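Below are the chains, spelled out letter by letter.
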Amino acid sequence: TKSGHNDGHHSHTDIATFILNVAGDSLIPDPGRGLYSKEYFRQARYENVFNNSYSHSVPRIGGQLQAPGPEFGGVRRFYGEIVEHGQRGAIKYAVVDFHKAYDIPALTRARRTFEFDAATGALALRDEFAFDGPPLVVEEAFTTWHPVEANGATARIAGEHAAVELHIVEPAGAVFTVERLEEACRQNMFDGVLSRLAAELPTGATRFVLEIAPV
């Protein structure tokens, strides 16, 4: 996973994203860069899906993606921080605070906790949100270049050498949908198609728990 800041003309708005690799397959990857063009390094840069949060495994909150910082200058206005990491027995963990990656004053907390079981390869992901006022709608998202199938609160991503099953533990009522970003991939001259696996949380929900396990 990563924290850092969203400043700079080469940045992507991807604080708290992560990569999950199993047996050589990046089943949840960093999607990579878009096609270089004049617009790629100008004001329209973050209209490109591969530069903004829509192609990364981070939430959309209140309908908003993470905010880009200034083109130059290192102001670090929109950022995240790994506040804790370590290991307890077979469990490796990391905690990322990332609410300041969004230009949403009402968002007072967005914390992502990873717990990875090195013995089994299972990953537990927990997101917690808090707001100054009524909770905003949260849409969780996970992207992949590999085939993905969704069935309610469960989804499966299958690579060439391995596969994982994703299961939403909390909240009740959240279900997966799959969107294939075909046009964006064509515009950026990718051979494959990136899929976006998303789940909108029920109104008022401020906690999301996901289990990912090799199958």
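Structural data are supplied above this passage.
Quick caveat, the model's predicted, so the values are computed rather than measured. (Residues numbered from 1 in each chain as written. Predicted model: local features only at pLDDT ≥ 70, side-chain atom pairs only at ≥ 80, totals over all residues. Heavy atoms only, no water.)

> How would you explain the overall build of the chain if you had to name every residue and give the values?
Helix and strand content of the chain: one helix and 15 strands. Taking 2.2 N^0.38 as the reference for a compact globule, 215 residues should give roughly 17 Å; the C-alpha atoms of the chain span a radius of gyration of 17 Å, in line with that estimate. For the chain, the spread of C-alpha atoms along the principal axes amounts to about 45 × 45 × 35 Å. Within the chain, residue pairs in contact and separated by at least 24 positions form 62% of the contacts whose partners lie at least 6 positions apart. Looking at the chain as shown, the accessible area adds up to about 10,400 Å², and 50% of this sits on carbon and sulfur atoms. Separation between the mean location of the 20 positive side-chain charges and that of the 28 negative ones in the chain comes to 5 Å. (Helix = DSSP H or I, 4+ residues; strand = E, 2+ residues; numbered from the N terminus. Rg over C-alpha atoms; globule rule 2.2 N^0.38 Å. Contact = heavy atoms within 4.5 Å. Areas by Shrake-Rupley, 256 points an atom, 1.4 Å probe, with all protein chains shown as cover. Lys, Arg positive; Asp, Glu negative; His and termini not counted. Charge placed at Lys NZ, Arg CZ, Asp CG, Glu CD.)

> Residues and numbers for the pairing of strand β12 (residues 163–170), please.
In the sheet, strand β11 (residues 154–158) pairs with β12 via five bridges, with the strands oriented antiparallel. When the sheet's bridge partners are listed, Ala-155 is paired in β12 with Leu-166. Where β11 hands over to β12, the hairpin turn is made up of four residues, counted between the paired strands. As judged from the six bridges shared by β12 and strand β15 (residues 207–214), these two strands associate in the antiparallel manner. (Pairing = 2+ DSSP bridges.)

> Describe the sheet that holds β12, listing the residues and the values that go with them.
Spatially, the nine strands line up as an open sheet ordered β1-β5-β6-β7-β8-β15-β12-β11-β10, and their pairing is antiparallel. At either end of the open sheet lies a strand with only one pairing partner, and these are β1 (4–5) and β10 (148–151). Pairing of strand β8 (residues 123–131) with β15 involves six bridges; the strand directions are antiparallel. Looking at β15, one finds that Ala-124 is bridged to Glu-211.

> I'd like to hear about the sheet that holds strand β14 (residues 195–200), residue by residue, with values.
With antiparallel pairing, the four strands of this open sheet are ordered in space as β4-β9-β14-β13. The open sheet is flanked by β4 (60–61) and β13 (177–180), the only strands paired with a single partner. Across six bridges, the pairing between strand β9 (residues 138–144) and β14 is antiparallel. Counted as the bridge partner of Glu-140 is Ala-199 from β14.

> Tell me about the side chain of Ser-11, and please be specific about residues and values.
Within the secondary structure layout, Ser-11 lies in the loop between β1 and β2 (20–22). Of note is the side chain of Ser-11, whose polar atom sits 2.6 Å from the side chain of Tyr-46. In contact with Ser-11, not counting residues within four places along its chain, are Asn-6, Arg-45, Tyr-46 and Asn-51. (Polar contact = N/O pair within 3.5 Å; in protein donor to acceptor, adjacent residues only side chain to side chain.)

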